[in-house]
Amino acid sequence: MNRFLPLIVLAFFVSVPLWLTDQYYLHTLVVCGIFMLAAMSLNLLLGYTGQLSLGHVAFFGIGAYVSALTSLGFSVSIFGYQITHDPWPPVVGVVLGGAVAGLCGYLIGKLAFRVRGAYFVIVTVSFAEVIRLISLNWIELTNGPLALPGIPPLTLGFEPIGYLTLWDKAANFYVVLTFIVVTYIIIKRLIDSPYGRAMIALRENETLATSVGISVTRYLVLAAVFAGTIAGVSGTLYAHYIQIIDPAIFMFLNTVTMVIMVITGGKGTLAGPVVGGLIFGIAPVILRKYVGPEVQWILYGSLMILIVFVLPEGIVPAIERWFGRASAKNSELALEPGKGARS
Amino acid sequence: MTAAQNPNAILAVENVAMHFGGLIAISDMNFHVNEGELVSLIGPNGAGKTTAFNIITGFQRPTKGRVTFRGTSLGGLKPHQVTALGLVRTFQRTNLFDKISVFENVLIGLHRKTSARLLGTLLSLPRERKAEAELRDQAWEILRLVGIEHQAKERAASLPYGDQRLLGVALALAAQPSALLLDEPVSGMNATETGRFIELVNKLRARGTTILLVEHDMPMVMGISDRIVVLNYGRIIANGTPKEIQNDPDVIQAYLGQGVKHA
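Note that the coordinates shown come from a computational prediction; the quantities given were computed from them, not determined experimentally. (Residues numbered from 1 in each chain as written. Chains lettered and ligands numbered in written order. Predicted model: local features only at pLDDT ≥ 70, side-chain atom pairs only at ≥ 80, totals over all residues.)

### A short note on the sheet that holds strand S3 (residues 38-42) of chain B
Residues and elements named next belong to chain B.
Stage number 1. Here 6 strands make up an open sheet; going across it, the order is S6-S7-S8-S3-S9-S10 and the pairing mixed. The open sheet is flanked by strand S6 (87-89) and strand S10 (235-240), the only strands paired with a single partner. Across this sheet, the average inter-strand angle for adjacent strands is 15°, counted without regard to direction.
Stage number 2. Summarising the sheet, S3 and strand S8 (residues 210-214) pair through 4 bridges and their orientation is parallel. When the bridges of S8 are listed, Leu38 appears paired with Ile211. (Pairing = 2+ DSSP bridges. Helix = DSSP H or I, 4+ residues; strand = E, 2+ residues; numbered from the N terminus. Axes fitted to C-alpha atoms, helices over the stretch in contact; angles between N-to-C directions.)

### Details of the interface of chain A and chain B
Stage number 1. Each partner contributes residues to the interface: chain A has 27 residues there, and chain B has 36 residues.
Stage number 2. The set of elements that each furnish at least two residues to the side of chain A that touches chain B consists of helix H7 (169-191), helix H8 (194-204), helix H9 (206-211) and helix H15 (339-342) of chain A.
Stage number 3. With 7 residues, the single largest contributor to the side of chain A that touches chain B is H8 of chain A.
Stage number 4. Taken together, the residues that form the side of chain A that touches chain B break down as 14 nonpolar, 9 polar and 4 charged. (Contact = placed C-beta atoms within 7 Å. Nonpolar A, V, L, I, M, F, W, Y, C, P; charged D, E, K, R; others polar.)

### Concerning the confidence of the model for chain B
Stage number 1. Chain-level statistics for chain B give a pLDDT mean of 85 and a share of 94% at 70 or above.
Stage number 2. Per the prediction output, this complex has pTM 0.79; the corresponding ipTM is 0.76. (pLDDT = per-residue confidence, 0-100.)

### So, the pairing of strand S1 (residues 9-20) of chain B
The side chains of a regular strand alternate between both faces of the sheet.
All names here are of chain B.
Stage number 1. Taken together, the 8 bridges between S1 and strand S2 (residues 23-34) define a ladder with antiparallel strand orientation. Looking across to S2, one finds that Val13 is bridged to Phe31.
Stage number 2. Count of turn residues in the S1/S2 antiparallel hairpin: 2 residues, of which Gly21 carries a positive phi of about 60°.
Stage number 3. Bridge count for S1 against strand S4 (residues 64-69) is 5 bridges, and the pairing is antiparallel. For Ala17, the partnering residue across the bridge sits in S4 and is Lys64.

Given below as structure tokens:
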């Protein structure tokens, strides 16, 4: 049952564009999926290594800007040198965006993991703020508050086959869904491997983890690189889908949204950010029909408080406990003893 | 009596001193442990045993002196690097990954043993899948050796106390030690649990593991040690076989006070 559930959920979402004809709802799902991707990356840090990155939107925004600039081209002068970049295909932008964000994850990881806990939070918040200020003030490169408009949508394909440009929402939906599935698998494999176990070990008991030979910096930095890269890629998808980005992308609210998705869904579980992402990606749209915007935000906040209050571990662990009592299994931490003994 | 330099020594503590501000926790400590030997470090409370332990395992840096393991100086190494050399410790209080299963605790302990590479892991290549399966087999082997395999699925924190201590040793064993440092392993255990623990120590010795034991339980120490090093006030006051130690006037005085005859 537990093994097929993700496939059933996947089959359901694959079918969504076939029956959901309302373009607005589809749009909501695409944006929801992009933020879900970012939340999944945050979960790697917050959930598995236990480090709260409150500047996570920086990676998201860096990915978005790098990809946008790669595909739009730019011309800036640095120390008297004129650097001109001609537009490249958006797909290259996605790769570069992820790579640059991953590199930032590495640097921030190296710097910030010297300090832990509250200090780490401060370092990440400051990092996001610095990046926001750069995007706001380096007008020659980023257009500042005037935004970068006209970002081309993603184009897939090769020369001989021909190209498919993702103008419509259904195509974008499938691209985002693919990224979510791939990311889910990558994170699952990471977590079930010695790498992920080292991260969990550091979260659970750092002293003991080092005594069994786990290097603290190495694995925390590894988590930060993965988290940065994935968040960066989700940012690139955002840029090419929305087709315009401005420094408001670095809003603290965006980080908070990701944190809420992870915490309500269940930090440190694979499905947590997916469930949390769906709830907080879709809830505002559903509520919009029935109540005014102010009431909506109040309900949204109350829902969050309620979930955190009633289910402090998040929704997914709670559901697992209800269903798991009978079968005594707990999803990705289930180790299926006997499997190793048999082989 | 200080230990003479011995070519067979796997672990050598030379001229180590540790000062905390004005407090001298250890002054000039010299001893060694030979390959395959079981040496116990004993002494009254506050004698400096745990400090010595922390220095050997890299958790604290000595004020002076040095510790070498198989000829490599441990000076300046981080705990995980000391572990990488094959010198692994257990902790005085139970120290486990409480919230996850016993089996996964041991899997984490096997960290150094894995040959999985990052890219292969992400692509789930056969090589990495095989490495993972081997890791799981090893984890079962360790659980069976320690004798807690029937509790593999339990959360570590839910084990009875004695079994938690055994899991602590399992974790240390998983790091593939050539020398194991046990910090008061049987403190707080009842007689049955202590009996099981001694059995385990004997099994480990049969496999050729070198053991340095810090312990208060005298019957156990006297029963299983090849050699005993006695610390008092940060100084080594005796170093010898259990029989020699039992009859050493300095030791008797340190433990029982002056003027009392050893029964």
